[in-house]
Amino acid sequence: MKVGDLVKMKNHMFWVAKNNRRIDWTDQLGIVVEQSARAVKVLFPDGAIKASLAENYEVVGERG
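Enquirer: Could you clarify how one ought to interpret the sheet that holds strand 3 (residues 39–43) in this entry?
Expert: Adjacent strands of a sheet form backbone hydrogen bonds with each other and so pair up, either parallel or antiparallel. On the basis of which strands lie adjacent, the open sheet formed by five strands has the order 4-3-2-1-5 and antiparallel pairing. If you trace the sheet from one side to the other, it starts and ends with strand 4 (49–53) and strand 5 (57–61), each paired once. Taken over all neighbouring pairs, the strand axes of this sheet differ in orientation by 45° on average, direction set aside. As paired strands, strand 2 (residues 30–35) and strand 3 are joined by four bridges and run antiparallel to one another.

Okay, here's the thing in structure tokens:
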């Protein structure tokens, strides 16, 4: 996963978020704007930037 990649949350995160109200699950696609060791910041269409573990997301489209 690199900056500029198009990502979405993995489906298993829905069940994790359902049991943990502090996690906001979304089915929207987002763009990785920052990436460090195990964390990413993802920009969503509504302008929100969410920080989370990279393992919670899957790459849908890579930056060329």
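Enquirer: What's the story with the pattern of salt bridges in this structure? I'm lost.
Expert: One side chain can pair with another of opposite charge once the charged atoms of both are near each other. Applying the stated criterion across every chain yields a total of three salt bridges. Residue E58 is joined to K8 by a salt bridge in which the shortest nitrogen-to-oxygen separation is 4.0 Å. Taken as a pair, E58 in strand 5 and K8 in strand 1 (residues 6–9) lie far apart in primary sequence, 50 residues in all. According to the relative accessible area criterion, E58 is partly exposed, its value standing at 32%. Residue class for K8 comes out partly exposed when judged on its relative accessible area of 31%. The closest approach of N and O atoms between E55 and R38, which form a salt bridge, is 3.8 Å. A residue pair is termed long-range when its members are at least 10 positions apart, and E55 in the loop between strand 4 and strand 5 and R38 in the loop between strand 2 and strand 3 qualify at 17 residues. On the accessibility criterion, E55 (45% relative accessible area) is partly exposed.

Enquirer: I tried to follow a nonpolar patch on the surface on my own but got confused; where do I start?
Expert: Together, I31, V33, L43 and I49 make up an exposed nonpolar region whose accessible area comes to about 310 Å². Secondary-structure assignment places I49 in strand 4.

Parameters and conventions
Residue indices follow the written sequence of each chain, beginning from 1 at its first position. For this predicted model, a pLDDT threshold of at least 70 governs which residues receive local features, and a threshold of 80 or more governs which side-chain atom pairs are given and counted, while totals over whole chains, interfaces and linings are taken from all residues. The basis for the side-chain values is all heavy atoms of the structure; hydrogens and waters are excluded. By the convention used here, strands pair only if DSSP detects at least 2 bridges between them. Put simply, DSSP marks the helices as runs of H or I at least four residues long and the strands as runs of E at least two long, and each gets a number from the N terminus on. What counts as an axis is a line fitted to C-alpha atoms, over the stretch in contact for a helix, and the angles between N-to-C directions run from 0 to 180 degrees. Each salt bridge in this description consists of a side-chain nitrogen of Lys or Arg and a carboxyl oxygen of Asp or Glu lying within 4 Å of one another. Here the term buried applies to any residue with accessible area under 20% of the maximum for its type, exposed to any over 50%, and partly exposed to those in between, with areas from a 1.4 Å probe on protein chains only. Surface patches are drawn from residues lacking salt bridges whose relative accessible area is over 30%; two like charges belong together within 9 Å, two nonpolar side chains (Val, Leu, Ile, Met, Phe, Trp, Tyr) within 5 Å. Each accessible area is a Shrake-Rupley result for a 1.4 Å probe, and residues are judged covered by the shown protein chains and nothing else.

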